[in-house]
Amino acid sequence: MQPKDRCFLYAELVSQLVDLAGQQFNSGDSGQASETLKLVQMYAEKIHMGVSDDSKKLRNAELLMQRTSFRLEGIRSRASYEDRPVLEVTLKQLNQVQTQLMMQVFKK
């Protein structure tokens, strides 16, 4: 994978992992869903650390992160009280990454 492509590819991966975590929560497997959210956090950090001026598809990655955050917010609103802390931490991180991507897009 080329360094310029990483940001968008990681954003796609984060999006798919959030969908998977939602399915896991819906099926009652909150332990596995929490592990999936840890992967989301790890890849969100990679996006955060890898955003640069020469990244490709920054706007697409930013929009994807925005939609992913929205979906995660929906999952959080339906989650049990015990599951909410990990969801809130993940959501906060995704919102920060999305904001960083948006600032990078407008910087260009």
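Residues numbered from 1 in each chain as written. Predicted model: local features only at pLDDT ≥ 70, side-chain atom pairs only at ≥ 80, totals over all residues. Heavy atoms only, no water.

Q: What should I look at first to understand the pattern of salt bridges in this one?
A: Note on pairing: side chains with opposite charge can pair once their charged atoms come close. The full count for this structure, using the stated rule, is 5 salt bridges. The partner of aspartate 19 in a salt bridge is arginine 71, with the nearest N and O atoms 2.8 Å apart. You can see aspartate 19 sitting in helix α1 (residues 3-26) and its partner arginine 71 sitting in helix α3 (residues 58-78), a full 52 residues away along the chain. Residue arginine 71 is classed as partly exposed on the basis of its relative accessible area of 28%. (Salt bridge = Lys/Arg side-chain N within 4 Å of Asp/Glu carboxyl O. Helix = DSSP H or I, 4+ residues; strand = E, 2+ residues; numbered from the N terminus. Buried < 20%, exposed > 50% of the residue type's maximum accessible area, 1.4 Å probe, protein only.)

Q: Please explain the packing of aromatic side chains as it appears in this structure.
A: The description of an aromatic ring pair rests on the distance of the ring centres and on the angle between the ring planes. For the coordinates displayed, the defined rule picks out 1 aromatic pair. Seen from their ring centres, tyrosine 10 and tyrosine 43 are 5.6 Å apart, and the 35° between their planes marks the pair as tilted. You can see tyrosine 10 sitting in helix α1 and its partner tyrosine 43 sitting in helix α2 (residues 30-50), a full 33 residues away along the chain. For tyrosine 10, a relative accessible area of 15% corresponds to the buried category. (Phe/Tyr/Trp six-rings, centres within 6.5 Å; stacked < 30°, edge-to-face > 60°.)

Q: Sorry, what's going on with the environment of asparagine 60 here?
A: Mapped onto the elements of the fold, asparagine 60 is located in helix α3. Separated by 41 residues in sequence, asparagine 60 and leucine 101 have C-alpha atoms that sit 9.6 Å apart.

Q: I'm lost on the confidence of the model for the protein in this one. Help?
A: The predicted coordinates should not be examined in detail at positions where pLDDT is low. Residue-level pLDDT values for the protein average 91, and 94% of them are 70 or greater. Predicted confidence in the protein is weakest over α1, with a mean pLDDT of 92, and strongest over α3, with 94. (pLDDT = per-residue confidence, 0-100.)

Q: Hey, could you run me through the side chain of glutamine 24 in this one?
A: Of note, glutamine 24 is situated in helix α1. On the accessibility criterion, glutamine 24 (11% relative accessible area) is buried. Those residues in contact with glutamine 24 that sit more than four places away from it in its chain are Asp29, Ser30, Gln32, Ala33 and Thr36. (Contact = heavy atoms within 4.5 Å.)

Q: Help me understand the environment of glutamine 100 in this model?
A: Relative to the elements of secondary structure, glutamine 100 occurs in helix α4 (residues 84-107). Between the C-alpha atoms of glutamine 100 and glutamate 62, which are 38 residues apart in sequence, the distance is 8.5 Å.

Q: What am I meant to see in the environment of alanine 79 here?
A: With respect to the helices and strands, alanine 79 occurs in the loop between α3 and α4. Expressed as a C-alpha distance, the spacing of alanine 79 and asparagine 95, which sit 16 residues apart in the sequence, is 19 Å. The contacts of alanine 79, once residues within four sequence positions are left out, are Arg84 and Leu87.

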